[in-house]
Amino acid sequence: MGRRARLGLVLCLAALWAGGLAAADEEGNQDESLESKTLSAEDQVKDHSTGTRVVAGQIFLESGKSDSQSEDEENFHSQEEEKENSLEELNSLEMSNLLNKDLEEAEIQSPVLTAIGGTADGEPCHFPFLFMEKEYAECTADGREDGRLWCATTYDYKKDQKWGFCETEEQSNKRRQMQEAEDVYQTGMKILNESSKKAQKKEAYQYLLKAADMNHTKAMEKVSYALLFGDYLKQNIQASKELFEKLTEEGSPKGQMALGFLYASGLGVNSSQAKALVYYTFGALGGNLIAHMILGYRYWAGIGVLQSCESALTHYRLVANHVASDISLTGGTVVQRIRLADEVENPGMASGMLEEDLIQYYQFLAEKGDVQAQVGLGQLHLHGGRGVEQNHQRAFEYFNQAANAGNSHAMAFLGKMYSEGSDVVPQSNETALQYFKKAADMGNPVGQSGLGMAYLYGRGVPVNYELALKYFQKAAEQGWVDGQLQLGSMYYNGIGVKRDYKQALKYFNLASQGGHILAFYNLAQMHATGTGVMRSCHTAVELFKNVCERGRWSERLMTAYNSYKDGDSNSAVVQYLLLAEQGYEVAQSNAAFILDQKASIVGENETYPRALLHWNRAASQGYTVARIKLGDYHFYGFGTDVDYETAFIHYRLASEQQHSAQAMFNLGYMHEKGLGIKQDIHLAKRFYDMAAEASPDAQVPVFLALCKLGVIYSLQYVREINIREVFSHIDMDQLLGPEWDLYLMTIIALLLGTIIAYRQRQHQAIPRPAGLRPAVPQQEPPAEHQPPQ
């Protein structure tokens, strides 16, 4: 019994160790990245609470040391660490021996494969066995047309002719069916990954549909999400729900997360936040990154759970670690965040998207040899975004043209592309170094930063921390974010310089102002562990959340926007709802905006309540328009009861926190009418004036409102005073003198005379009747105008 218990423990340890080494499943396309990869057990149980170090611009947790420690203490600790490492090596060696010993015992005690049917039914298979002058260490289908696995029960099959099947006919059919499904799935994925045309992608999904019908798990995951979002398949929430339920029964983390989303949003099922939380939790335990991100947001905002900053930090940090590890030297794709409400309110406002005509104009300039246009288009195609798809081939061509013309920026970006390597550009440290040197010699900060990376990591040159520091400083002085980030990393780790957390914090802050994802990640780690700063869970969560929202799944924002622009509101709102669950404020406001327009995917009676929910979440993250919308919903009773006091509170928050002119105008109106607050015309005027000062666009409506307010104020003043009392208190003798009555009579007489004179003049100007006019002799027309005789 003791041996069995020990054997079970060792096998569990071996399974955990193997699971920790298992690579995450990558399929390299947008849908797969959206559905997220699965974390290994080791990644989920890592302890990240002890300290940090920076490697390749990223901070990885390890035992951190205070900068105030003396060299003696460092030497002492290094000696202790050497001892601990020796003990760990010894212990690991003993564990390895124990593991090997028990695994050997497990192999001895493992059941022997028995032949089924054939000429040796019931006899144990013999491995290896010889068949057609080839040794086989496992069952094979060689020599059989039906593909059924078999084995020999003696070493030499040709000599003894002793054999049997390794599986029943039912097992064989099932295995062949799964192999066929895998082949169909791989065919579909190959078409999907290699094509960019919509027709070909639709064809790929037909293969995936066929594989899904054959119960292929990955195919079912792809098809279920396609049905949910309407990606290359007709949107069908009910069909996607059935697939998600089937996947959940099989233990798929992607299926569990998606089913949680359906319950959270009430799509295809009755909304249940409790069930959603259960499925999200199972998905996160299975390693689904999106499930972790959703739970992080829920714990941060207190949605369906007790608010807990530390729990949110745990989930967000785990996701941020994977997002940061995916960041390359060239950076990731650019995510465009477009708010639909802002587009409607301000049609002329630039959304960041480039018009097709403008792109063609830049392409025309680039073809004519305009170097700036070539560099700009190269960067657009390198990173993607602003309506331009990522295309390394075109980026390389544009950079090459500009580099040949002597542009240092293009040379530096070519260096980046060669340093990273891709399907288009083969990885070459030597070529990258040449381009970096040329650009750096011309004073280009991108080239200087690239050269610093080469010396820091020994890419094509020997490692030289002093030169790396020098080039990073030059790049940082010119404001290049990569130089600032790497300089912060060197100060943090004490590489080439004395460790200085304050300097590291300074350069990480500078890089974060330029929007560098790894700078946000490093700052988050420092605030989470209290390294160089006071520990702040709230700040760390906000920074980690920012990093998580730069993950590959954020590409879904543009997909949803394009769906909305193509007129497919149902597909757009489902995509935005999932992103809203992940905590994207832009997605929350956009989902609310579409629901506000009565999206048909949701029942008519549910649109306003659901829109109200997402306006509320977006407002909690600081979006001004969402806060004003909350006030409007409570003012007019959309999705809730009419509540002027609550509306007043939301307008006041928008006015005080975001200085919104619209909110100030609304507050002025409510003070004017006495809605939700005591009527006060003076305060109304004050808010109207504040609105006019806050925005030039508010000046015309404010002027009209003030005119109306002036009339109301005058009428109210007249109503409040007594005219008879006013005249009774007036002393005319004192006001105009003792002869005031003579002056008044004279003025009246003059006015009367003026009126009479005016009337007489009007009477004289009246024309006489036509019959009393004197006859005027008619003159004959000139000779040239007389009619001919």
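Here the structure is shown first, and the text comes after it.
Residues numbered from 1 in each chain as written. Predicted model: local features only at pLDDT ≥ 70, side-chain atom pairs only at ≥ 80, totals over all residues. Heavy atoms only, no water.

## Some remarks on the overall build of the chain
We apply this condition: Each helix is a run of H or I in the DSSP string that is no shorter than four residues. Each strand is a run of E no shorter than two, and both are numbered from the N terminus. Classification of residues uses two cut-offs on accessible area relative to the type maximum, computed with a 1.4 Å probe and protein chains only: under 20% is buried, over 50% is exposed, and between them is partly exposed. Whether two residues are in contact is decided by their heavy atoms, any of which lying within 4.5 Å being enough. Computed by Shrake-Rupley with a 1.4 Å probe, the accessible areas treat only the displayed protein chains as cover when residues are assessed.
A count of helices and strands for the chain gives 37 helices and six strands. Evaluated residue by residue, the chain yields a buried proportion of 43% over its 789 residues. Within the chain, contacts between residues at least 6 apart in sequence are counted, and of these 53% link residues at least 24 apart. Carbon together with sulfur atoms contributes 52% to the accessible area of the chain, which is approximately 43400 Å² in total.

## So, the nonpolar core
Across soluble globular proteins, you tend to see nonpolar side chains buried next to one another. Applicable threshold: Definition used in this section: a nonpolar core is a set of buried Ala, Val, Leu, Ile, Met, Phe, Trp, Tyr and Cys residues joined via side-chain atoms within 4.5 Å.
One finds Phe261, Tyr316, Tyr576, Ile594 and Trp615 to be the most contacted residues of the largest nonpolar core, which totals 153 residues. Top contributing element to this core by residue count: helix H24 (residues 517-529), with nine residues. Residues in contact with tyrosine 316, not counting those within four places in the same chain, are Met293, Gly296, Tyr297, Trp300, Val541, Phe544, Lys545, Cys548 and Gln582. Counting twelve residues, the second largest nonpolar core, distinct from the first, contains Cys125, Phe129, Cys139 and Cys151.

## Quick look at the packing of aromatic side chains
In plain terms, the rule: Aromatic contacts are taken between Phe, Tyr and Trp rings whose centres are within 6.5 Å, Trp giving its six-membered ring; a plane angle under 30 degrees counts as stacked, one over 60 as edge-to-face, and the others as tilted.
Scanning the model with the defined rule gives 28 aromatic pairs in all. For the pair tyrosine 225 and phenylalanine 229, a centre-to-centre distance of 6.1 Å together with 40 degrees between the ring planes defines the contact as tilted. With tyrosine 225 and phenylalanine 229 both in helix H8 (residues 217-229) and four residues apart, the pair spans about one turn of that helix. Comparing tyrosine 225 with phenylalanine 229 shows no difference in burial state: the two are buried. Ring centres of phenylalanine 665 and tyrosine 688 lie 5.1 Å apart, and the angle between their planes is 55 degrees; on these two criteria the pair is classed as tilted. Linking phenylalanine 665 in helix H32 (residues 661-673) with tyrosine 688 in helix H33 (residues 681-694), this pair joins segments that are 23 residues apart in sequence. Look at phenylalanine 665 and you get partly exposed, because its relative accessible area is 22%.

## Some details on the side chain of serine 172
Using the following cut-off: Polar contacts, as counted here, are pairs of nitrogen or oxygen atoms within 3.5 Å of one another; within protein the pair requires one atom able to donate a hydrogen and one able to accept it, and residues that are adjacent in sequence qualify only if both atoms are side-chain atoms.
Structurally, serine 172 is set in helix H6 (residues 169-194). The class of serine 172 is buried, set by a relative accessible area of 1%. A polar side-chain atom of serine 172 sits 2.4 Å from a polar atom in the side chain of arginine 176. Ignoring anything within four residues of it in the chain, the contact list for serine 172 reads Arg148 and Glu167.

## Considerations on helix H29 (residues 607-620)
Think of an α-helix as 3.6 residues a turn; residues three or four steps apart then line up on the same face. How we decide: To estimate how far a helix should reach, multiply one less than its number of residues by 1.5 Å.
Counted at 1.5 Å a residue, the expected span for H29 with its 14 residues is 20 Å, and the 20 Å between its end C-alpha atoms agrees. Every buried residue of H29 is accounted for by Thr607, Arg610, Ala611, Leu612, His614, Trp615, Arg617, Ala618 and Ala619. Residues of H29 that are buried sit in contact with helix H10 (253-265), helix H12 (289-301), helix H27 (569-581), helix H28 (585-596) and helix H30 (624-636). Positive phi shows up at glycine 622, right after H29, with a value of about 95 degrees.

## Quick look at the environment of lysine 474
By secondary structure assignment, the location of lysine 474 is in helix H21 (residues 465-477). Sequence separation between lysine 474 and alanine 440 is 34 residues, and the spatial gap between their C-alpha atoms is 9.5 Å.

## Some thoughts on helix H13 (residues 309-325)
The first and last C-alpha atoms of H13 sit 24 Å apart over 17 residues, in line with the 24 Å expected at 1.5 Å per residue. Counting buried positions along H13 gives twelve out of 17 residues, so the element sits mostly inside the fold.

## Considerations on the environment of tyrosine 623
Tracing the backbone through its elements, the reader meets tyrosine 623 in the loop between H29 and H30. Measuring from C-alpha to C-alpha, the distance between tyrosine 623 and alanine 654 comes to 9.0 Å, with 31 residues separating the pair along the chain. Those residues in contact with tyrosine 623 that sit more than four places away from it in its chain are Arg339, Ala341, Asp342, Glu585, Ser589, Trp615 and Ala618.

## What about the state of the cysteines?
Just so we agree on the cut-off: Defined by distance alone, a disulfide is two cysteine sulfur atoms within 2.5 Å.
Taken as a whole and assessed by the stated rule, the structure comprises three disulfides. Note that cysteine 139 is cross-linked by a disulfide to cysteine 166, the S-S spacing being 2.0 Å. An S-S torsion of about -90 degrees defines the bridge between cysteine 139 and cysteine 166 as left-handed. Remark: cysteine 166 occurs in the loop between strand E6 (163-165) and H6 and cysteine 139 occurs in the loop between strand E4 (134-136) and strand E5 (150-152); sequence separation between them is 27 residues.

## Some remarks on the packing of helix H7 (residues 198-213) against H8
This is how it is decided: As a rule, the C-alpha atoms of each element are fitted with a line to give its axis, helices using only the stretch in contact, and angles between N-to-C directions run from 0 to 180 degrees. For classification purposes, an angle smaller than 35 degrees is called roughly parallel, one larger than 145 roughly antiparallel, one from 65 to 115 roughly perpendicular, and anything else oblique. Whether a crossing is left-handed or right-handed is set by the direction in which the near helix is turned from the far one by less than a right angle, anticlockwise for left-handed and clockwise for right-handed.
At their nearest, the axes of H7 and H8 sit 8 Å apart, and the two run at 120 degrees to each other. If you check the angle between H7 and H8, you find them oblique. For H7 against H8, the interelement crossing comes out left-handed. In contact with Tyr205, Leu208, Leu209, Ala211 and Ala212 of H7, H8 contributes Ala219, Met220, Lys222, Val223 and Ala226.

## Some points on the environment of phenylalanine 648
By secondary structure assignment, the location of phenylalanine 648 is in helix H31 (residues 644-658). On the accessibility criterion, phenylalanine 648 (8% relative accessible area) is buried. A C-alpha to C-alpha distance of 6.8 Å links phenylalanine 648 and leucine 667, two positions 19 residues apart in sequence. With residues near it in sequence (within four places) discarded, phenylalanine 648 still touches Leu667, Met670, His671 and Ile677.

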